[in-house]
Every structure is written in C-alpha cells, then in structure tokens.
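# Results of the structural survey
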Amino acid sequence: MSKLSVQGTAEMEFVVDVFSVTITIHATAASSGEAVISGKKKTEQFLCLMRDKLGIAPENFRLESDAVRENYSGNHSYLYTKIVSLDIIADLSVLYKMTSLLGELSNVSYNVDFDLSNQPEKEKQVIEAAISNSREKAEIIACSLGKTIQGVDTVNLEYAASGAYRNLAKSVCVDACPDLETMLKNPIKVITKSISIDWIVE
C-alpha cells in the first residue's frame, strides 16, 4: 500500500443575488453642535426619502459608524459623518431608483458591494468539484502505474470563512423603470477552492 498526494482545484462563477449598499451622510459646520444638528437633519431626510419613495423602513438599515470630528484643514470646522448600510435583493431597478433618489440629497455618498446570500452552499459546490478534480487526477496517475485508488488518507483544505446570514429588505417598491442602466446584467462572483488529498493506492 502507498500514498499518492494530488491537489485538486475548482473555480465557479455565480451571479450575485445581494447588493450591499453603504451610504455615508456628511455635514460640515463651524461648531460641533451645529454639525450634529445639520447631520441629524440630513439623516432624517435620507431615511424619510427611503421610507416614502421606496418603502424601506429605517429599521432595515444598519448603523455602521457615527462620528463628529474637528477639521483642521483650511477654515477650522467640524465634520459630521454617519454611515449606514442595507442589504437588498440584487435587482438593478431597485438599485437604480435608490441611487437616483440619493441625487436629491446633498453631501451623501454611497458604495455598492456585490455578494451571495448563500455563499457557504456555493463554496460547498466548489469544494466538491475540487475533490472530484483531485480524484480524477489520482485515478489517471494510479492507472498509469497499474494501481487503483483504495481510499483517502489525509485531506487539507484551505480555510474559508462562512458567509454571514443576511436579512434582506423585502418591502422595496419600485415603479416601472425603463432606463437602460437597469438592463445591465448582474455582476458575477468567482469562487475558487484548492484541496490537497493523500489517496491510498494499491
């Protein structure tokens, strides 16, 4: 009995089904108190706009950061920054409507990350494909040596953190949206896995 160490790899593409939107609200004023008042007013405007125009309730947003700091560049002032985030179903018409509404506000920026709601399940598919790839290679090598695969001795898989559970906003409502931007295809996320297996051969 002998061992045959073979590395298997697999790579798969998946259409993302989650848009993670991060919104940053800014305000600047001569005093910290004025900055807070202005920032809170802008935050209320933003949340009202999302609720009234898209049906997204304030509790669907996560608070990521809330701060006021002194700004020493140029004229002395204070900067208010509040960052909130929201996970929505990957619907380009919803994203278009949301980002268009942000254009009605001042001093608001946003960033969109693309993700998978069930990434652990997708990673499992890729791992299974990597195992199959390792076995196929091992069988070819064993056959050329006049031997056969009898089982597995050891397995070494790269560490992969499982995806977090996502609570998607379900109450987003959007009118018919004919804009060409909404006709783009959703982004693709590539998952690659590598696994090293010591196969037992005889």
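Everything that follows concerns the structure shown earlier in this document.
Just so we're clear, the structure is a prediction, and the values are computed from it rather than from any experiment.

Moving on, we come to the environment of Lys 41. Considering the arrangement of structural elements, one finds Lys 41 in helix H1 (residues 32-54). By relative accessible area, which is 56% here, Lys 41 ends up exposed.

This brings us to the packing of H1 against helix H2 (residues 92-102). Helix packing geometry: the angle between the two helix axes and the distance between the axes. Two numbers describe how H1 lies on H2: the axes approach to 11 Å, and their chain directions differ by 140°. Between H1 and H2, the angle is such that the two are oblique. The handedness of the crossing between H1 and H2 comes out as right-handed. Counting all contacts with H1, which are made through Phe 46, Leu 49, Met 50, Lys 53 and Leu 54, the residues of H2 involved are Lys 97, Met 98, Leu 101 and Leu 102.

Compared with an ideal rise of 1.5 Å per residue, which puts 26 residues at 38 Å, helix H3 (residues 119-144) spans 38 Å between its outermost C-alpha atoms and is within 8% of the ideal. Buried residues along H3 sit against strand E1 (2-15), strand E5 (108-115), strand E6 (149-157) and strand E7 (188-201). Of the residues flanking the end of H3, it is Gly 146, one or two places downstream, whose phi is positive at about 75°.

This part is about the packing of aromatic side chains. As enumerated under the stated definition, the model contains 2 aromatic pairs in all. Seen in terms of ring centroids, Phe 19 and Phe 114 are 5.5 Å apart; in terms of plane orientation they differ by 70°. Their pairing is edge-to-face. Of the two residues, Phe 19 sits in strand E2 (residues 18-29) while Phe 114 sits in strand E5, which places them 95 residues apart along the sequence. Its relative accessible area of 0% is what places Phe 19 among the buried residues. Given the relative accessible area of 39%, Phe 114 is considered partly exposed. Between Phe 46 and Phe 61, the aromatic rings sit 5.3 Å apart at their centres with planes inclined by 65°, giving edge-to-face as the arrangement. Of this pair, Phe 46 sits in helix H1 while Phe 61 sits in the loop between H1 and strand E3 (62-71); the two residues are 15 residues apart in sequence, bridging distant segments of the chain. Each member of the pair, Phe 46 as well as Phe 61, is classed as buried.

Rules used in this analysis
- Residues numbered from 1 in each chain as written.
- Predicted model: local features only at pLDDT ≥ 70, side-chain atom pairs only at ≥ 80, totals over all residues.
- Heavy atoms only, no water.
- Helix = DSSP H or I, 4+ residues; strand = E, 2+ residues; numbered from the N terminus.
- Buried < 20%, exposed > 50% of the residue type's maximum accessible area, 1.4 Å probe, protein only.
- Axes fitted to C-alpha atoms, helices over the stretch in contact; angles between N-to-C directions.
- Parallel < 35°, antiparallel > 145°, perpendicular 65-115°, else oblique.
- Left-handed = near helix turned anticlockwise from the far one by under 90°.
- Contact = heavy atoms within 4.5 Å.
- Expected span 1.5 Å × (residues − 1).
- Phe/Tyr/Trp six-rings, centres within 6.5 Å; stacked < 30°, edge-to-face > 60°.

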